[in-house]
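Inside the fold
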Amino acid sequence: DAGVTQSPTHLIKTRGQQVTLRCSPKSGHDTVSWYQQALGQGPQFIFQYYEEEERQRGNFPDRFSGHQFPNYSSELNVNALLLGDSALYLCASSLIAPQETQYFGPGTRLLVL
Amino acid sequence: AQSVTQPDIHITVSEGASLELRCNYSYGATPYLFWYVQSPGQGLQLLLKYFSGDTLVQGIKGFEAEFKRSQSSFNLRKPSVHWSDAAEYFCAVGAIRTGANNLFFGTGTRLTVIP
């Protein structure tokens, strides 16, 4: 049983560009959450998708958008990249109930030059 | 608003010694609490979680944590540390009020284990 997978593992972009990160949830999970982890910091919640809709959003600008597909996989899109967007982007999957454990993928390391 | 404080940025212990990592939370109701571990270049792995019931929670790899409501704390402990425990440890609180289950993390504690 595959766990949460993310692609690509690493990415280098320049300021102003756009990027798309992808996530496949653990088998049986219907909810995908995205987190940003800056160097030396804890993960910060970006948003959560359930039933193909954004269910909850953290304190991130509209440049950050997402999508969930019918097979529960998800994409994170970031437009107009800034240097400060350089971080490890983590995807987590779970069932929707609050007590359900979130399982994290290995992350995508994004570097913005 | 919910928040998590991990007061120790970096802790160094000798292999075989005991370990306690501190976590304090702020939340307006009974919290869902978690401890995750992150090895270099890796994602997060769940060590243990607390929802209700027994305030002493057992996790994987010999870790345990105790929920103390009066102190708003959820400290992680291990009686004897192994070199493989060197990693970054994150405490998190679940935002159950929103109906979602997103997590709020502390800034982490880096554990170094010396032989």
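First things first, this report covers the structure right here in the doc.

1. Comments concerning the state of the cysteines
Counted under the stated rule, the structure contains 2 disulfides over all chains. Two residues share a disulfide in this structure: Cys23 of chain A and Cys91 of chain A, whose sulfurs sit 1.8 Å from each other. Judged by the sign of its S-S torsion, about -60 degrees, the cystine formed by Cys23 of chain A and Cys91 of chain A is left-handed. Placement of the pair is Cys23 of chain A in strand 3 (residues 19–24) and Cys91 of chain A in strand 9 (residues 87–94), with a sequence separation of 68 residues. According to the relative accessible area criterion, Cys91 of chain A is buried, its value standing at 0%. A disulfide bridge connects Cys23 of chain B with Cys91 of chain B, and the sulfur atoms are separated by 2.0 Å. One quick way to see it: the torsion about the S-S bond of Cys23 of chain B and Cys91 of chain B is about -65 degrees, and its sign makes the bridge left-handed. A residue pair is termed long-range when its members are at least 10 positions apart, and Cys23 of chain B in the loop between strand 3 (19–21) and strand 4 (24–26) and Cys91 of chain B in strand 10 (residues 87–94) qualify at 68 residues. Exposure remark for Cys23 of chain B: the relative accessible area of 0% places this residue in the buried category.

2. Observations regarding unusual backbone geometry
Residue and element names in this part refer to chain A. For the bond from Ser7 to Pro8, the omega torsion is -10 degrees, close enough to zero to count as cis. By the element assignment, Pro8 lies in the loop between strand 1 (5–7) and strand 2 (10–13). At Tyr72, a position not held by glycine, the phi torsion is positive, near 80 degrees. Relative to the elements of secondary structure, Tyr72 occurs in the loop between strand 7 (64–68) and strand 8 (74–78). For Tyr72, a relative accessible area of 39% puts it in the partly exposed group.

3. A short note on a nonpolar patch on the surface
On the surface, Ile12, Leu111 and Leu113 of chain A cluster together to form a nonpolar patch covering roughly 300 Å² of accessible area. By secondary structure assignment, the location of Leu113 of chain A is in the segment after strand 11 (108–112).

4. Side note on the nonpolar core
By size, the foremost hydrophobic cluster in this structure holds 27 residues, and its most contacted members are Leu19, Trp35, Leu47, Leu48, Phe74, Leu76 and Tyr89 of chain B. Of all the secondary structure elements, the ones that give two or more residues to this core are strand 2 (10–14), strand 3, strand 5 (32–38), strand 6 (44–50), strand 8 (64–68), strand 9 (73–78), strand 10 and strand 12 (109–114) of chain B. With 4 residues, the top contributor of residues to this core is strand 10 of chain B. If near-sequence neighbours (up to four positions away) are discounted, Tyr89 of chain B is found in contact with Gln6, Leu21, Trp35, Tyr36, Val37, Leu47, Phe63, Leu76, Gly108, Thr109 and Leu111 of chain B. Residues Phe60, Phe64, Ala87 and Leu110 of chain A belong to the second largest nonpolar core, which totals 19 residues.

Conventions adopted
Residues numbered from 1 in each chain as written. Chains lettered and ligands numbered in written order. Predicted model: local features only at pLDDT ≥ 70, side-chain atom pairs only at ≥ 80, totals over all residues. Heavy atoms only, no water. Disulfide = S-S within 2.5 Å. Helix = DSSP H or I, 4+ residues; strand = E, 2+ residues; numbered from the N terminus. Buried < 20%, exposed > 50% of the residue type's maximum accessible area, 1.4 Å probe, protein only. Patch = residues over 30% accessible without salt bridge, like charges linked within 9 Å, V, L, I, M, F, W, Y side chains within 5 Å. Areas by Shrake-Rupley, 256 points an atom, 1.4 Å probe, with all protein chains shown as cover. Salt bridge = Lys/Arg side-chain N within 4 Å of Asp/Glu carboxyl O. Core = buried A, V, L, I, M, F, W, Y, C linked by side-chain atoms within 4.5 Å. Contact = heavy atoms within 4.5 Å.

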